[in-house]
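Architecture and fold: a report
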Amino acid sequence: MPLSRLNSQRLFRQQCYVGGKWLDARDGKTISVDNPATGEVIGSIPSLSAEETDSVIDIAQTAFEQWRSKTALERSDLLMRWYQLMLEHKEDIATLMTLEQGKPMTESRAEVGYAASFIRWYAEEAPRMYGETIPGAKPGQHIVVTRQPAGVAAAITPWNFPAAMITRKAGAALAAGCSFIVKPSESTPFTALAMAELAHEAGIPPGVFNVITGASKIIGKQLTGSPIVRKFSFTGSTGVGSELMAQSAEHIQKVSLELGGNAPFIVFDDADLERAVEGAMVCKFRNTGQTCVCANRILVQASVHEKFVSLLAKAMGDLKLGDGFEEGVSQSALINHAAVEKVQRHYQDAMDKGATHVYGITPDKAQGNFVNPVLITDVTTDMQLCHEETFGPLAAIIKFDTEAEAIKIANGTPFGLAAYFYSRDIHRCWRVADALEAGIIGMNEGAISNPMAPFGGVKASGLGREGSRHGLEEYTELKYICMGAE
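The rules we used
Residues numbered from 1 in each chain as written. Predicted model: local features only at pLDDT ≥ 70, side-chain atom pairs only at ≥ 80, totals over all residues. Heavy atoms only, no water. Buried < 20%, exposed > 50% of the residue type's maximum accessible area, 1.4 Å probe, protein only. Helix = DSSP H or I, 4+ residues; strand = E, 2+ residues; numbered from the N terminus. Pairing = 2+ DSSP bridges. Right-handed = clockwise from strand over helix to strand, strands pointing away. Axes fitted to C-alpha atoms, helices over the stretch in contact; angles between N-to-C directions. Domains from an automatic or database assignment. Contact = heavy atoms within 4.5 Å. Buried area = accessible area lost by both parts, 1.4 Å probe. Core = buried A, V, L, I, M, F, W, Y, C linked by side-chain atoms within 4.5 Å. 1 Å grid on protein atoms, 1.4 Å probe; cavity = no way out; pocket = protein on both sides within 12 Å on 5 of 7 lines; lining within 4 Å. Points joined across faces, edges and corners; volume = space filled by probe spheres on them. Nonpolar A, V, L, I, M, F, W, Y, C, P; charged D, E, K, R; others polar. Salt bridge = Lys/Arg side-chain N within 4 Å of Asp/Glu carboxyl O.

Notes on the pairing of strand S8 (residues 180–183)
- The side-chain alternation of S8 yields two buried faces, one formed by Phe-180 and Val-182 and the other by Ile-181 and Lys-183.
- Sheet topology places strand S7 (residues 152–156) next to S8; four bridges connect them, and they run parallel. Considered in S8, the bridge of Ala-154 is made with Ile-181.
- In this fold, the crossover linking S7 to S8 by way of helix H5 (residues 164–176) has right-handed handedness.
- Pairing of S8 with strand S9 (residues 209–211), which is carried by three bridges, proceeds in the parallel orientation.

Focus: the sheet that holds strand S6 (residues 142–149)
- Spatially, the three strands line up as an open sheet ordered S5-S6-S22, and their pairing is antiparallel. Each edge of the open sheet is held by one strand with a lone partner, namely strand S5 (132–135) and strand S22 (476–483). Going from strand to strand, the sheet's axes swing by 25 degrees on average, the running direction of each strand aside.

Brief notes about the domain arrangement of the protein
- Split by domain assignment, the protein resolves into domain 1 (2–259 + 461–481) and domain 2 (264–443).
- Taking only C-alpha atoms into account, the centre of domain 1 sits 31 Å from that of domain 2.
- Taken together, the 25 residues of domain 1 in the interface contact 23 residues of domain 2.
- Of the roughly 1900 Å² buried at the junction of domain 1 and domain 2 (both faces included), carbon and sulfur atoms supply 58%.
- When the area that domain 1 buries against domain 2 is broken down by residue, the three leading residues are Pro-36, Trp-159 and Ser-461, summing to 26%.

Let's talk about the side chain of Asn-369
- Mapping Asn-369 onto the fold places it in the loop between strand S14 (356–359) and strand S15 (374–377).
- In contact with Asn-369, not counting residues within four places along its chain, are Pro-36, Ala-333, Leu-334, Ile-335, Asn-336, His-337 and Val-340.

So, the nonpolar core
- Ranked by internal contacts, the top residues of the largest apolar core, which has 67 residues, are Trp-82, Met-86, Leu-174, Phe-180 and Phe-209.
- The element contributing the most residues to this core is helix H4 (residues 105–125), with ten residues.
- Other than its neighbours up to four places away in sequence, Phe-180 contacts Ala-153, Ala-155, Lys-169, Ala-170, Ala-173, Leu-174, Val-208, Phe-209, Asn-210 and Tyr-475.
- In this structure, Leu-299, Phe-391, Ala-406 and Val-432 belong to the second largest nonpolar core, which totals 35 residues.

Points about the layout of surface pockets
- Counted as a void, the largest pocket has a volume near 870 Å³.
- What lines the largest pocket is a set of 36 residues, and nearest its centre among them are Trp-159, Phe-234, Gly-236, Ser-237 and Val-240.
- At the level of elements, helix H7 (216–224), strand S10 (229–235), helix H8 (238–248) and helix H11 (337–352) are the ones that each hand at least two residues to the lining of the largest pocket.
- Among the elements that make up the lining of the largest pocket, the one with the highest residue count is H8 (five residues).
- Its residues placed into classes, the lining of the largest pocket shows 13 nonpolar, 14 polar and nine charged.

Quick look at the pattern of salt bridges
- Overall, the coordinates contain 23 salt bridges when judged by the stated rule.
- Taking the shortest distance from any N to any O, the salt bridge between Glu-473 and Arg-147 comes out at 3.9 Å. Of this pair, Glu-473 sits in helix H14 (residues 468–473) while Arg-147 sits in strand S6, placing them 326 residues apart in sequence.
- Exposure remark for Arg-147: the relative accessible area of 22% places this residue in the partly exposed category.
- Ionic pairing is found between Glu-437 and Lys-459, a salt bridge with its closest N-O pair at 2.8 Å. Separated by 22 residues along the polypeptide, Glu-437 in the loop between helix H13 (426–435) and strand S19 (440–443) and Lys-459 in strand S20 (residues 458–459) bring together distant segments of the chain.
- On the accessibility criterion, Lys-459 (39% relative accessible area) is partly exposed.

Rendered as structure tokens:
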């Protein structure tokens with residue numbers, strides 16, 4: 001059992017963390033969590049009721065009143081301690097992540113470092129939550145604008161990055177002075193609960209950081225329907241995000257949504273093809289294609305199409321599929337069978353509409369939740385994979401002739417999270433960067449995420465930003481103070 005690999009068994013928690021205590025559901029209901037690579041049940045988590053969720057919100061509200069009164073430096077010191085503990089326990093958190101999510105250990109270790117970097121960034125930003133002064137409108141008048149914490153903040157996070165999707169929300173919330181409630185995915189709760197244990201050990205006060213588990217529909221409705229929760233953040237599908245946003249309207253909650261994507265990856269004829277292939281490999285196959293900023297459509301200019309496809313197929317030959325705990329594995333199990341079926345459906349639809357299979361074992365040969373990386377060409381915009389995120393290791397190549405055509409194809413989607421392109425023409429680079437309808441642009445770069453930069457999309461890909469100082473501002477409210485003359 002991989003749990004025996006843990007150096008600190010206390011990090012494996014099967015209870016909710018609320019108000020500084022570990023709790024079961026009052027009625028004893030639980031949800032089983034399995035390993036997507038083996039199907040083995042790892043453990044179980046409580047399934048909280050609506051009433052229990054309301055109690056958690058009340059606890060967070062009480063904690064908020066005390067947490068907001070701490071100085072920014074006090075909050076910063078506690079966050080920095082949490083960051084240090086995450087790094088000290090990187091191997092254990094990574095082990096839990098691979099166990100419940102499936103990704104290779106190399107990627108899990110990298111994610112723990114990435115997740116911790118958000119805690120560090122916001123620990124550093126906490127003392128820099130600046131306001132501003134404005135010249136008065138008449139003699140003797142003074143105008144000051146301050147930033148104050150929004151209040152109790154809540155979040156629902158996905159399974160594909162079970163640590164980082166929490167810390168880039170929680171780090172900002174706690175730095176701003178908000179208390180925080182997170183409901184992680186039922187598929188990957190143990191990473192979140194391990195981080196809660198470390199937050200507790202770091203000395204973050206009871207009720208300031210809470211992890212609750214259970215059915216998303218039940219808990220989500222309570223979080224979005226509460227007048228106490230003043231800020232709500234969600235990362236997940238556009239359909240669910242739209243529903244949660246509608247629910248948040250009742251009490252006019254501040255909302256951040258990081259939703260679906262359909263990222264184009266454009267290779268122009270003046271690109272450095274070897275570098276473009278390197279970027280495509282990182283962008284397409286990280287987390288076995290299960291990322292919201294993953295290259296979903298690879299657009300290649302006709303004159304370099306054949307060479308790029310050849311180089312990409314060769315690079316894909318170095319990918320190794322297997323259990324995430326195996327040495328050298330770079331591609332692992334998809335999260336569940338529904339994810340496998342989606343890859344199979346997109347592949348078959350493309351084949352039926354004229355695509356050409358270039359490399360890889362076909363998805364219909366999948367064993368369990370394991371799907372081999374596949375490369376197809378002759379992809380057209382009427383295929384399903386051009387309109388939906390595949391969220392799997394299917395690389396689809398669309399050939400184009402002109403820059404204008406590439407832009408039209410790239411923008412021909414309701415989504416606008418990330419977009420990538422490769423070119424060595426500086427004028428084209430700025431032209432294309434300006435024209436692409438996406439919140440995040442990778443210009444000659446396939447790995448784009450970091451805590452210092454604002455992450456988020458446009459159109460149906462969401463609202464708001466995470467990371468950077470803008471991510472901190474999402475958890476604050478501006479207060480304008482006008483002081484009159486005597």
